[in-house]
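Residue-level listing of the chains:
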Amino acid sequence: MQQQKFKNWHEKQLYTSFAWLVSCLMCGFLFATVVEYVAKYASGIFTIISLVALYGIGIAAIELFRRFWMKFSFTQYCASSATCENCGSYGLFKVRTDTWPIYARCQKCDHQWVIGQDDE
Ligand SMILES: [Zn+2]
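Report on the accompanying structure. Everything quoted here is computed from the prediction, not taken from an experiment.

Digging into the overall build of the protein
Each helix and strand counted, the protein has two helices and four strands in total. From first element to last, N terminus to C terminus, the protein shows the α and β order β-α-α-β-β-β. Taking 120 residues into account, the globule formula puts the C-alpha radius of gyration at 14 Å, and the protein, at 21 Å, lies well above it. Oriented by its inertia axes, the alpha-carbon framework of the protein measures out at about 70 × 25 × 25 Å.

What follows is the structure, given as structure tokens:
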């Protein structure tokens, strides 16, 4: 069972989400490049192959954006609940990387709360 400081964990989640976003943008550039290729050079069977490739790249871009957005909004949601209600310290707790929801315990005042419970 691995534990990380919340701030480190949060940073890592953000980096991961932006890696998905950059991949999505790369897919976008690749898409534009293939479109240009189809418009200028492709003929016969290569047109069909290029269109199939475009389809795949398009699906990949959508999926990559979805992953970015899910991770990013999740991370921001956690960050918005990371302030201790008792003493107001931000992110002063550890996160178990393999469990959900996050059981937070303030390291300053020992106040406990849960991030990600459904009945909030
Ligand atoms: Zn506290």
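A short note on the pairing of strand S3 (residues 102-105)
Going residue by residue along S3, you find Ile102 and Ala104 tucked away on one face and Tyr103 and Arg105 left uncovered on the opposite face. Here S3 runs beside strand S4 (residues 112-115); their pairing, made up of four bridges, is antiparallel. Looking across to S4, one finds that Ile102 is bridged to Ile115. As consecutive antiparallel partners, S3 and S4 are separated by six residues, and within that stretch Asp110 has a phi angle of approximately 70°, a positive value.

Things to note about the nonpolar core
What tends to happen in soluble globular proteins is that the nonpolar side chains get buried as a cluster. Of all hydrophobic cores here, the largest spans eight residues; its members are Phe6, Trp9, Cys78, Ala82, Phe93, Val95, Ile102 and Ala104. Those elements that place two or more of their residues in this core are helix H1 (6-40) and S3. Among residues more than four places away in sequence, those in contact with Phe93 are Phe6, Ala104, Arg105, Cys106 and Gln107.

Description of helix H2 (residues 45-80)
Here H2 is 36 residues long and its end C-alpha atoms lie 52 Å apart, about the 52 Å a rise of 1.5 Å per residue gives. Residues of H2 that are buried: Ile57, Leu64, Phe68 and Cys78. On the buried face of H2, the contacting elements are H1, S3 and S4.

The rules we used
- Residues numbered from 1 in each chain as written.
- Predicted model: local features only at pLDDT ≥ 70, side-chain atom pairs only at ≥ 80, totals over all residues.
- Helix = DSSP H or I, 4+ residues; strand = E, 2+ residues; numbered from the N terminus.
- Rg over C-alpha atoms; globule rule 2.2 N^0.38 Å.
- Buried ≥ 20, exposed ≤ 12 C-beta atoms within 10 Å, placed from the backbone.
- Pairing = 2+ DSSP bridges.
- Core = buried A, V, L, I, M, F, W, Y, C linked by C-beta atoms within 7 Å.
- Contact = placed C-beta atoms within 7 Å.
- Expected span 1.5 Å × (residues − 1).

Such coordinate-based values are descriptive only and should not be taken to indicate function.
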